[in-house]
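Residues per chain are reported as follows:
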Amino acid sequence: MPLTRTLSILLFALLLGGCGSLPPTESSHAAPPRPTAPALATIRPTFATVRPSTPALPPTAPPALPSPPNVPLPTPERSPSQAAAMRATFAGDLATVPNIPHYTLRLEFAPDQQLLNGVMRLVYTNTVGVSLETLALRLYPNFPQDLFGSGGDTRMEITAATVAGGPVPISYAAADTALILPLDPPLGPDASVTVDLAFSATVQAWQDGSYPLTGYYPMLAVWGDDGWRLDVSRFPDHIFAETALYRVTVTAPTALTVAATGSTLTTRPNPDDTRTWQIVTGPVRQFALSIGDYVSLSEQVGEVQVTAYTQRGNGLFLREYLRTAASALATFERLFGAYPYRELDLHLLPYTFNGGDEYPGLIFVYTSGTFGAGARYVTAHEVAHQWWFAVVGNDIFTEAWLDEAFAQYSGILAVAELAGPEAAAADYEREVLYRYQGALADGDLPIGWSITRYSDFNVYYRTVYGKGAVFLATLREQLGDELFFAALQRYYARHRYGVATGRDVQAAFEQASGRDLEPLFRTWVYGWE
């Protein structure tokens, strides 16, 4: 996920004397000769503005998939087409993914009670290729406190559950972070089922009185090789989900504003001094929202409206953050491919350090109150996650480098465009090479390991954020700008809305360059075990 809780992490990362794990052991079987990783002193690329002569690839539709049966949705009025959340050239994507999960959510926010109450209908089509005896949904508010002290102070309870119209027992698993629902009879391949849930969750306000609410609904788990993935981690990033469609109504006190994934179609006042927001999304990896008494600024970037929010009266200035986010969006569209949605929101929150968290169509940026190089870079990094995590997904537990290393290096590219090559070089030194130096001291471990394989969070952080970004810089240096960005465009277009792997990245670069990159990927990504 994000450049999360950056200052706390940096304070840990200052302790570079502890090296953590030993380097991986070589296998005894024959292998291609290893390339030599470049010395630290040589990895200082120039950051002139990049303008590949090949334009970003136009959107291509994913293969058509079978539709689920027509199931009425429990909304009080007919919801308009979800194409309203998509840019015109991507609206056709909705017809190509009808078998992804469909969520309808009705949420009621009661800040005086510190509660979010909801009902949900999930229409799920079995695409895993085997009959299913259960469905698993993650309850992210129940996750334990993370390594940096966040979380662990909220609770989601399921108060009612039906499957295919019949009541079912409620069973929790994975330290109460998962809901397990029986399917009787089992759900066969390509068959669909409707699940209805009622739930209630406690919420905690941010220090400025706003409410960032991420993962605040029962979210379908991901099916893995051994069944439903029920990972529980104290790493700050823990939401792993596949793409779905959402129709959401949120009711909150009239004085408050809702910022959310997707597009708001309408708002309507209610007699009890509340207001209801009607929101739809295109295919997105999850739904997130933030509620508060906000002031906001907006900027149009082509078809995309970028809006920055912050709590009224907290003294933060939105304009530079908005300018940075809008510039980064334009840069990434040119280099990687078009952002498919009509809106991108940024919620600016006061804190003691610069950091961020990313969700589809909504990013959170934490700031100490002054806008400088660090805040600019964090903002660009979080916008990059709209490409690497939100649109092209990855398994954050087993291949975290696919979003974090990509966002780390992409942030440098955005700064080069916005502030010039000298600023980008300074950010590369501070945000990338400093961490890479720590990664070398840690044993120069592969960037493609699962998060649990690193000896601790700091070793993971330095390896994935530092060495991972240097790997992408190395690929660019070896292949040249034309092939490097053609490969990224190919990868982005091919895996839109999917969950990609490191081998998918390698295939994109090999296809673009016509070269065998196995030795290079072995050296940097997989290791030589």
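Above this text sits the structure in question.
This is a predicted model, so every value here is computed, not measured.

**Some details on the overall build of the chain**
So, point 1. A tally of helices and strands in the chain yields 10 helices and 24 strands.
So, point 2. Buried positions account for 57% of the 529 residues belonging to the chain.
So, point 3. With an accessible surface of roughly 19700 Å², the chain has 54% of that area assigned to carbon and sulfur atoms.

**Topic: helix α8 (residues 481-494)**
So, point 1. Over its 14 residues, α8 runs 20 Å from end to end, which matches the ideal 20 Å to within 8%, given 1.5 Å per residue.
So, point 2. For α8, the complete set of buried residues consists of F484, F485, A487, L488, Q489, Y491, Y492 and A493.
So, point 3. Buried-residue contacts for α8 involve α3 (319-335), α5 (401-419), α7 (457-479), β24 (499-500) and α9 (502-513).

**Some words on unusual backbone geometry**
So, point 1. The step from D184 to P185 runs through a cis peptide bond, and the omega angle for that step is 10°.
So, point 2. Tracing the sequence through the fold places P185 in strand β7 (residues 178-187).
So, point 3. Residues other than glycine seldom take positive phi values, yet D444 does so here, at roughly 55°.

**Focus on the pattern of salt bridges**
So, point 1. This structure, assessed with the given rule, holds 20 salt bridges.
So, point 2. Across the pair R323 and E320 runs a salt bridge whose closest N-O atoms are separated by 3.5 Å. Of this pair, R323 and E320 both sit in helix α3, three residues apart, which is roughly one turn of that helix.
So, point 3. According to the relative accessible area criterion, R323 is partly exposed, its value standing at 41%.
So, point 4. One salt bridge connects R476 with D481, and the closest N-O pair in it is separated by 2.7 Å.
So, point 5. Note on R476: relative accessible area 10%, which makes it buried.
So, point 6. Here the salt bridges do not stand alone but share partners, grouping R376, D427, R430, E431 and R435 into one network.

**Quick look at the sheet that holds strand β10 (residues 219-220)**
So, point 1. A sheet is described by the order of its strands in space; here four strands give the open sequence β6-β7-β3-β10, paired in antiparallel fashion. Edge strands, defined here as strands with exactly one partner in the open sheet, are β6 (171-173) and β10.
So, point 2. Bridge analysis of strand β3 (residues 132-138) against β7 gives six bridges, and the strand direction is antiparallel. Of the residues in β7, the one forming a bridge with A136 is I180.

**What to know about the side chain of T331**
So, point 1. With respect to the helices and strands, T331 occurs in helix α3.
So, point 2. Setting aside chain neighbours within four positions, we find T331 in contact with L413, A414 and E417.

**Quick look at the nonpolar core**
In a soluble, globular protein the nonpolar side chains are often hidden away together inside.
So, point 1. Counting 162 residues, the largest nonpolar core has W401, Y460, F471 and L475 as the members making the most contacts within it.
So, point 2. Here this core gets 13 residues from one element, more than from any other, and that element is α7.
So, point 3. The residues touching Y460, leaving out its near neighbours within four places in the chain, are F235, D237, A400, E404, I451, Y454 and Y465.

**Overview of the sheet that holds strand β21 (residues 355-359)**
So, point 1. Here we have five strands laid out as an open sheet, ordered β18-β19-β20-β22-β21, and mixed in their pairing. The two strands at the open ends of the sheet, each matched to only one other strand, are β18 (294-301) and β21. Across the sheet, the mean angle separating the axes of adjacent strands is 15° when strand polarity is ignored.
So, point 2. Sheet topology note: the strand β20 (residues 343-350)/strand β22 (residues 362-367) ladder contains six bridges and is parallel. By the bridge assignment, D345 is partnered in β22 with L362.
So, point 3. Each of β20, β21 and β22 touches helix α4 (residues 373-384); the most contacted strand, β22, lies at about 160° to it.

About the cut-offs
Residues numbered from 1 in each chain as written. Predicted model: local features only at pLDDT ≥ 70, side-chain atom pairs only at ≥ 80, totals over all residues. Heavy atoms only, no water. Helix = DSSP H or I, 4+ residues; strand = E, 2+ residues; numbered from the N terminus. Buried < 20%, exposed > 50% of the residue type's maximum accessible area, 1.4 Å probe, protein only. Areas by Shrake-Rupley, 256 points an atom, 1.4 Å probe, with all protein chains shown as cover. Expected span 1.5 Å × (residues − 1). Contact = heavy atoms within 4.5 Å. Salt bridge = Lys/Arg side-chain N within 4 Å of Asp/Glu carboxyl O. Pairing = 2+ DSSP bridges. Core = buried A, V, L, I, M, F, W, Y, C linked by side-chain atoms within 4.5 Å. Axes fitted to C-alpha atoms, helices over the stretch in contact; angles between N-to-C directions.

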